[in-house]
Amino acid sequence: MDTLMKQAGKLNPRVLAFLEKRMKNIPSVAKKIEGEYAEIMTELETSVKPYKNKFTTFTQIPAKGRSHAEILGEMEAMRALEESHWKDGFISGAVYHGDQEHIDFLNQVYALNSQSNPLHADVWPSATKFEAEIVAMTANMLSGAGTDVCGTLSSGGTESIMLAMKTYRDWARETKGITKPEMIVPVTAHAAFDKASQYFNIKTIHVPVDENFRADLKAVKKAISRNTIVIVGSAPSFPHGAIDPIAEMSELARQHNIGFHTDACLGGFVLPWAEKLGYNVPAFDFRLAGVTSISVDTHKYGYAAKGTSVILYRNQELRHFQYYTTTEWPGGLYFSPTFAGSRPGALSASCWAALTAMGEEGYLTATKRILETAEKIKQGIREIPELHVLGDPLFVVAFASESINVYKVLDHMSHKKWSLNGLHKPTCVHLCVTLRHTQPGVAERFLTDLREAVEYVKGHPEEKGSMAPVYGMAATIPMRGMVSDLLKKYLDLIFKV
Ligand SMILES: Cc1ncc(COP(=O)(O)O)c(C=O)c1O
């Protein structure tokens, strides 16, 4: 099978896609594939649905309402089962603050604002105040003070990115007549750009990255065409924590009068403070004349609750292409700044509360702790002869190996409770360092477990590991359509009761 896959990998992707489609149309092949999918899903079900026999299951609304105590009791039990995993710092990214006092405070703010909806600005002017000020504070942090920089709040990094891409599509159509839009995106940029490409019919021109995982400038230059609407750079990228050469890329965009989007979803609330702390941070924000938009996530290192992000634009003219308005609907004049209609004002309130409660001082302290912990972790990984750190990251530490299967290391780490991210192209694993890892002893425990995992893998070459073969296969299997089908089946499983 492996040899077949390798040979198939040499075929032209279009030919492969054609063959794959034809194969799936052969009833016996389709039946066999479906059988294999079902087997994989049955195996996955126990890990994805661990509560099946532990808690009451509902497939319809109960005839009589349950008592609040009963509901809260069940939720408490689930929280108890899940909490230590993230709270004790076993997870890459995901929960960026997580101190109990901070959580309690945000919960209190949520409770005070739980009925608020920014769609009704007349009823909840508090919500619009919070949102406008979040945008202003974030713009200010990213060198937008005293300029026309403006923006809106969104529900997360993906929405901010998708809004920006839609904005450039509509801007380019209106101002330049571009009807076949293209965006230039480094292969390491977040999947949300590809999602935007699919949703909004924008062609993605992928550009490779160099040996330090930063976008290849020459390739960017070569990719620019009459249809280019925007160039994208990450500060830093999700996979390897590398900061693209934003200054050079945005200057290219400026010279060609096209947009430049900095994706600072991950780094927007780290890099400004890192720079103030004296770290070497390349320019990535509105100080660069060519940068026309930035996505930056308050729900990551802004330490707000999940569900908010900011999308910033160089000026209001650009922001107008994001807005939706209609004057013909029988429901009246309708307008909304983002994809959603009604939105949770309580999340905006708790975001505003997080920003103002942290203050510059709080962000500086948090950033210092994170960067020092990341340094300790990078150093510890470099001291393990079998591993090496990819590129020169600040706080997202990706590591790989020339001599052992790093996915097996990932597997072994998961037996020790760690949830790290397995990445491919190239094969590596990463840890996104958060405040959870700055707790006493966590970095040391990570390195001890990692050293043990490496030793274990070295000592047991015959063991295949549970997830390691799946990661390995996902990276090399040439039938991308089948991998995609499998992911859809997985999503079906998520929604299975
Ligand atoms: C660089 C980068 N951009 C965008 C996103 C998407 O953010 P979200 O998961 O909030 O949609 C992420 C998420 O990790 C990210 O790391």
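Source: prediction; values computed, not measured. Numbering of residues starts from 1 in every chain and runs along the sequence as written. Selection of residues for local features in this predicted model requires a pLDDT of at least 70, selection of side-chain atom pairs for listing and counting requires 80 or more, and totals for whole chains, interfaces and linings are taken over all residues. Calculated side-chain values reflect all of the structure's heavy atoms, with hydrogen atoms and water omitted.

A. Quick peek at the overall build of the chain. The secondary structure listing takes helices from DSSP runs of H or I that are at least 4 residues long and strands from runs of E that are at least 2 residues long, numbered from the N terminus. For the chain, the helix and strand inventory stands at 17 helices and 13 strands. Taken against the 2.2 N^0.38 rule, which gives 23 Å for 497 residues, the C-alpha radius of gyration of the chain at 24 Å falls within 12% of a compact globule. In terms of overall dimensions, the chain has C-alpha extents of about 65 × 60 × 55 Å along its principal axes. In this scheme, a residue with accessible area under 20% of its type's maximum is buried, one over 50% is exposed, and one in between is partly exposed, where area comes from a 1.4 Å probe on protein chains only. Burial status across the chain gives 47% buried among its 497 residues. Residue contacts follow a heavy-atom distance rule, with two residues in contact if any of their heavy atoms lie within 4.5 Å. Excluding contacts between residues fewer than 6 apart, the proportion of contacts in the chain whose partners are at least 24 apart in sequence is 72%. The quantity called the radius of gyration is restricted to C-alpha atoms. Its globule counterpart is 2.2 Å times the number of residues to the power 0.38.

B. Main features of the pattern of salt bridges. Put simply, a salt bridge is a Lys or Arg side-chain nitrogen that is within 4 Å of an Asp or Glu carboxyl oxygen. This structure, assessed with the given rule, holds 24 salt bridges. For the salt bridge of Asp297 with Lys300, the shortest nitrogen-to-oxygen distance reads 2.3 Å. Taking the shortest distance from any N to any O, the salt bridge between Lys458 and Glu455 comes out at 3.5 Å. Highlighted residues: Lys458 and Glu455, both in helix H15 (residues 442–459), separated by three residues, approximately one helical turn.

C. Structural view of the sheet that holds strand S12 (residues 421–423). Here the rule is simple: two strands pair whenever DSSP picks up at least two bridges between them. The four strands are arranged S10-S11-S13-S12 in an open sheet whose pairing can be described as antiparallel. Taken across any chain shown, the strands that pair with only one partner, and hence form the sheet edges, are strand S10 (387–389) and S12. Taking the axes of each pair of neighbouring strands and ignoring which way they run, one obtains an average angle of 30° across the sheet. Where helix H14 (residues 406–415) meets the sheet, its contacts fall on S10, strand S11 (396–401), S12 and strand S13 (428–432), and the angle it forms with S13 comes to roughly 45°. For every element, the axis is a line fit to its C-alpha atoms; helices are fit only across the contacting stretch, and the angle between N-to-C directions ranges from 0 to 180 degrees.

D. Structural view of the site of the ligand. If you check the shell around the ligand, you find 13 residues, and the closest are Gly157, Thr158, Asp263, His299 and Lys300. Contact between the ligand and Asp263: a nitrogen atom at 2.6 Å from a side-chain N or O atom of the residue. Examining the composition of the shell around the ligand, we find that three residues originate from one element, helix H7 (residues 157–176), more than from any other. The residue makeup of the shell around the ligand, split by class, is five nonpolar, five polar and three charged. To be near a molecule or strand, a residue needs just one of its heavy atoms within 4 Å of it. Whenever a nitrogen or oxygen atom comes within 3.5 Å of another N or O atom, the pair is scored as a polar contact, on the condition that within protein one atom can donate a hydrogen and the other can accept it, and that pairs from neighbouring residues in sequence are kept only if both atoms are in side chains. Here the nonpolar group is Ala, Val, Leu, Ile, Met, Phe, Trp, Tyr, Cys and Pro; Asp, Glu, Lys and Arg are the charged ones; every other residue, Gly included, is treated as polar.

E. Region of interest: a nonpolar patch on the surface. On the surface, Tyr490, Leu491, Ile494 and Phe495 cluster together into a nonpolar patch covering about 420 Å² of accessible area. The topology assignment puts Phe495 in the segment after helix H17 (480–494). Patches here: salt-bridge-free residues with over 30% relative accessible area, like charges joined within 9 Å, nonpolar side chains (Val, Leu, Ile, Met, Phe, Trp, Tyr) joined within 5 Å. Residue exposure ignores everything except the shown protein chains as possible cover, and the areas themselves are Shrake-Rupley values with a 1.4 Å probe.

F. Quick look at H14. The buried fraction of H14 amounts to eight of the ten residues, a majority that puts the element mostly inside the structure. What H14 keeps buried is the set Val406, Tyr407, Lys408, Val409, Leu410, Asp411, His412 and Met413. A side-chain oxygen of the first residue of H14 lies 2.9 Å from the backbone nitrogen of Tyr407; this N-cap is Asn405. A positive backbone phi angle near 85° is found at Lys417, which sits one or two residues after H14.

G. Examining unusual backbone geometry more closely. With an omega of -10°, the peptide bond running from Ala235 to Pro236 counts as cis. Relative to the elements of secondary structure, Pro236 occurs in the loop between strand S4 (228–234) and helix H10 (246–255). In the segment running from Lys425 into Pro426, the intervening peptide bond is cis, with an omega of 5°. Position of Pro426 relative to the elements: it lies in the loop between S12 and S13. Unusually for a residue other than glycine, Lys417 sits at a positive phi of about 85°.

H. Seen up close, the sheet that holds strand S1 (residues 150–154). Spatial strand order, S1-S7-S6-S5-S4-S2-S3: seven strands in an open sheet with mixed pairing. Each edge of the open sheet carries a strand with a single partner, namely S1 and strand S3 (203–207). Sheet twist, expressed as the average angle between the axes of neighbouring strands with direction ignored, equals 20°. One ladder, built from five bridges, connects S4 with strand S5 (residues 259–263); its direction is parallel. Following the sheet pairing, Val232 is matched in S5 by His261.

I. Highlighting the pairing of strand S7 (residues 309–313). Of all five residues that make up S7, five are buried, and the element is covered over most of its length. Both faces of S7 are covered, namely the face carrying Ser309, Ile311 and Tyr313 and the face carrying Val310 and Leu312. Here S1 pairs with S7 via five bridges, running antiparallel. Residue Gly151 lies in a different strand from S7, and its bridge partner there is Leu312.

J. Region of the structure containing the nonpolar core. Only buried residues count toward a nonpolar core. Its members are Ala, Val, Leu, Ile, Met, Phe, Trp, Tyr and Cys residues joined through side-chain atoms within 4.5 Å. Within the largest apolar cluster, 87 residues are counted, with the highest numbers of intra-cluster contacts made by Tyr301, Ile381, Phe395 and Phe446. For this core, the leading source of residues is helix H13 (residues 345–382), giving eleven residues. Aside from chain neighbours lying at most four places away, what touches Ile381 is Leu387, Val389, Val397, Phe399, Phe446, Leu447 and Leu450. Listed in part, the 26 residues of the second largest apolar core include Ala164, Met183, Ala192 and Ile311.

K. Here's a closer look at the packing of aromatic side chains. When two rings of Phe, Tyr or Trp (its six-membered ring) have centres within 6.5 Å they constitute a pair, described as stacked for plane angles under 30 degrees, edge-to-face for angles over 60, and tilted for the intermediate range. Taken as a whole and judged by the stated rule, the model has 15 aromatic pairs. Between Phe200 and Phe339 the ring centres are 6.0 Å apart and the planes differ by 35°, which places this aromatic pair in the tilted class. Of this pair, Phe200 sits in helix H8 (residues 191–200) while Phe339 is found in the loop between strand S9 (334–336) and H13, placing the two residues 139 residues apart along the sequence. Note on Phe339: relative accessible area 43%, which makes it partly exposed. Between Trp329 and Tyr334, the ring centres sit 5.5 Å apart and the planes meet at 90°, which makes this aromatic pair edge-to-face. Judged by relative accessible area, Tyr334 falls into the partly exposed class, the value being 23%. One aromatic cluster is present, formed by Tyr96, Phe269, Trp273, Tyr301, Tyr303, Tyr363 and Phe395 through successive ring pairs.

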